[in-house]
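Here's the letter readout for the chains.
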Amino acid sequence: MKQFIKYALGPLLLVLSLSTLLGLAFGWMWGIMSFALFMTMVAARDSWQLLTLNRWLQRHQMSSGYQPGGTWSQVFGQLHRLEKHAEQTQQKLREALERFQHAGAALPSGVVVIDPDDRIRWCNPSAESHLGIQLKQDRGQSLTYLIRQPEFGAYLKAPPSDRPLILRRVRGSDLSLSIQVVPYSAEERMLVSHDITQVERDEQVRQDFVANVSHELRTPLTVIGGFIETMLEGEPLDQATQRRVLSTMQSQTQRMQRLVEELLTLSRLESQQAPTPDAPIPVSALMQQLVQMGRQLSQGQHELESFIASPDSILGSESELLSAFGNLVTNAVRYTPAGGRIVLTWKRERGEGVFSVQDSGIGIPQEHIPRLTERFYRVDRARSRETGGTGLGLAIVKQIAMHHDSKLEISSEPGKGSTFSFRIAAARIVQNISAPSVESDQNNTR
Ligand code: ADP
């Protein structure tokens with residue numbers, strides 16, 4: 001009401017009073033003419049402002065400096081406020097959309113929004129790499145046209161379910177995907193894909209591992225079980241046969257014990273973090289123990305030498321390093337026929353420390369080398385068993401190498417011999433200033 005009086009009634013009363021005054025002063029004719037003139041001016045001003053408003057509504061822009069008077073200032077003020085509010089809302093929506101798009105792009109899971117006819121409306125980069133699609137080219141394309149596996153088409157047609165679909169080799173890739181469709185509006189569904197390639201590989205490794213362990217344990221258990229059965233149900237054995245049978249049973253039991261011990265070692269190494277280094281371990285002390293161990297194993301059948309080219313110490317776990325280097329020495333003795341030569345060397349290369357065991361043994365065909373550190377992988381299963389191997393030695397060495405920022409390098413030539421090098425990061429090597437720079441210990445155990 002106040003505004004009506006101020007902006008509508010006020011000006012009208014003013015015009016009326018002015019016209020009445022002019023009419024009283026100069027005659028009623030002047031009064032009427034001035035009233036008509038004033039009213040025409042008011043009408044012209046309103047028309048002009050209406051035109052301005054119309055122009056603004058059409059073009060959605062108005063000079064920001066425009067300041068109309070009277071009622072119109074209210075109308076334009078309100079419109080300005082509405083426009084500002086709409087701009088702010090739009091800005092917020094733009095930011096929210098950007099955030100959503102960034103989050104969608106960063107998601108490791110693939111997300112594809114599809115319409116009721118399975119046509120792609122939007123997808124994130126993970127979905128592009130999972131499903132081999134490109135949003136720019138494939139927007140509007142039917143997903144079932146792009147992914148032709150019949151089970152996928154059937155899954156999209158079926159009512160939504162909690163059970164995901166496992167898809168392999170989608171559009172020629174070697175990925176395994178878990179796909180699930182989530183309906184979220186009448187118009188759209190969302191297809192979510194997860195890369196389960198690594199999970200499947202891990203599961204395969206686990207299954208192989210269980211199968212391998214069972215297989216390794218079954219043979220000695222069958223041998224022992226068979227002997228026990230014979231002894232229980234057959235004729236009593238003479239003393240010599242009994243001795244032979246018991247000694248076979250003992251060696252099979254020892255084999256199982258070795259297997260279980262190595263499995264426990266491996267599992268401990270795999271589940272533990274790298275141990276904090278002991279005090280620096282002098283290479284010379286390690287070398288001494290390794291030579292002694294090699295000599296004991298070889299029983300004088302091999303020529304065994306050791307060289308230390310740099311008087312260093314290693315920052316690491318003494319027991320782990322002895323176990324890793326010891327495995328390499330044991331293998332060299334086991335896979336080198338009698339009369340062969342085994343050389344243990346410590347040297348520095350580009351600051352790194354390299355412990356290597358070189359043998360003149362049976363060697364390894366090239367195609368087996370990349371797989372030697374897999375659990376239970378053997379080039380010749382029968383020979384490994386004969387020599388008391390479990391197939392876990394190099395897997396243990398690899399784990400210890402990982403604990404010591406080290407790498408295991410293998411070079412070999414069938415019939416000529418092999419070199420296994422344990423290369424340790426420079427940060428773990430400490431040089432012993434006081435010790436002589438070159439040591440050589442030649443142990444001819446033949
Ligand atoms: P194993 O207990 O069978 O020796 P490892 O993991 O120590 O298991 O070694 C895996 C395989 O690598 C062995 O079975 C053998 O075939 C091969 N191998 C390891 N060291 C040598 C070597 N010095 N010379 C020849 N072959 C080797």
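A short note on the overall build of the chain
When its secondary structure is counted, the chain shows 13 helices and 14 strands. Principal-axis analysis of the C-alpha atoms places the extent of the chain at approximately 155 × 65 × 35 Å. Buried residues in the chain amount to 37% of all 446 residues. Within the chain, contacts between residues separated by at least 24 positions form 61% of all contacts whose residues are at least 6 apart in sequence. On the chain, roughly 26,900 Å² of surface is accessible, and the fraction owed to carbon and sulfur atoms is 57%. Taking the average place of the 47 positive charges on the side chains of the chain and the average place of its 46 negative ones, the gap between the two points comes to 8 Å.

Some words on the domain arrangement of the chain
Along its sequence, the chain is carved into domain 1 (2-60 + 70-93), domain 2 (107-195), domain 3 (205-270) and domain 4 (274-443). With centres defined by C-alpha atoms, the gap from domain 1 to domain 2 works out at 60 Å.

Observations concerning the packing of aromatic side chains
Tallying each qualifying case throughout the model produces five aromatic pairs. Measuring from ring centre to ring centre gives 5.1 Å for Phe 325 and Phe 422, while their planes differ by 80 degrees; the resulting arrangement is edge-to-face. Note that Phe 325 is positioned in helix H11 (residues 318-334) and Phe 422 in strand S12 (residues 417-424), a separation of 97 residues in sequence. Judged on exposure class, the residue Phe 325 and its partner Phe 422 are both buried. Here a set of aromatic residues connected by ring pairs shows up, and it is made of Phe 325, Phe 355 and Phe 422.

Some remarks on the pairing of strand S5 (residues 189-195)
As paired elements, strand S1 (residues 110-114) and S5 share five bridges and run antiparallel to each other. Residue pairing for S5: Val 111 is matched across the bridge by Val 192. Taken together, the seven bridges between strand S4 (residues 176-183) and S5 define a ladder with antiparallel strand orientation. Bridge pairing links Val 182 to Met 190 in S5. Where S4 hands over to S5, the hairpin turn is made up of five residues, counted between the paired strands.

Details of the nonpolar core
Counting residues in hydrophobic clusters, the biggest one holds 43 residues, and the most contacted among them are Ile 314, Phe 325, Leu 344, Trp 346, Phe 355, Val 357 and Phe 422. Of the residues forming this core, the biggest block, seven residues, is contributed by H11. Three or more residues apiece are contributed to this core by two domains, here domain 3 (205-270) and domain 4 (274-443). Not counting residues up to four positions away in its chain, the partners in contact with Ile 314 are Ala 279, Pro 280, Ile 281, Val 283, Leu 286, Leu 321, Phe 325, Trp 346, Ile 424 and Arg 428. Among the nonpolar cores identified, the runner-up in size contains 25 residues, and Leu 131, Phe 152, Leu 156 and Leu 177 belong to it.

Quick word on empty space enclosed by the protein
Counting across every chain of the model gives one cavity of 30 Å³ or more. A volume near 50 Å³ is recorded for the largest cavity. Lining the largest cavity we find Glu 216, Leu 217, Pro 220, Arg 255, Met 256, Leu 259, Arg 378, Gly 389 and Thr 390. Class assignment of the residues belonging to the lining of the largest cavity gives a composition of four nonpolar, two polar and three charged. Residues from two domains meet in the lining of the largest cavity; each of domain 3 (205-270) and domain 4 (274-443) gives at least three.

Analysis parameters
Residues numbered from 1 in each chain as written. Predicted model: local features only at pLDDT ≥ 70, side-chain atom pairs only at ≥ 80, totals over all residues. Heavy atoms only, no water. Helix = DSSP H or I, 4+ residues; strand = E, 2+ residues; numbered from the N terminus. Buried < 20%, exposed > 50% of the residue type's maximum accessible area, 1.4 Å probe, protein only. Contact = heavy atoms within 4.5 Å. Areas by Shrake-Rupley, 256 points an atom, 1.4 Å probe, with all protein chains shown as cover. Lys, Arg positive; Asp, Glu negative; His and termini not counted. Charge placed at Lys NZ, Arg CZ, Asp CG, Glu CD. Domains from an automatic or database assignment. Phe/Tyr/Trp six-rings, centres within 6.5 Å; stacked < 30°, edge-to-face > 60°. Pairing = 2+ DSSP bridges. Core = buried A, V, L, I, M, F, W, Y, C linked by side-chain atoms within 4.5 Å. 1 Å grid on protein atoms, 1.4 Å probe; cavity = no way out; pocket = protein on both sides within 12 Å on 5 of 7 lines; lining within 4 Å. Points joined across faces, edges and corners; volume = space filled by probe spheres on them. Nonpolar A, V, L, I, M, F, W, Y, C, P; charged D, E, K, R; others polar.

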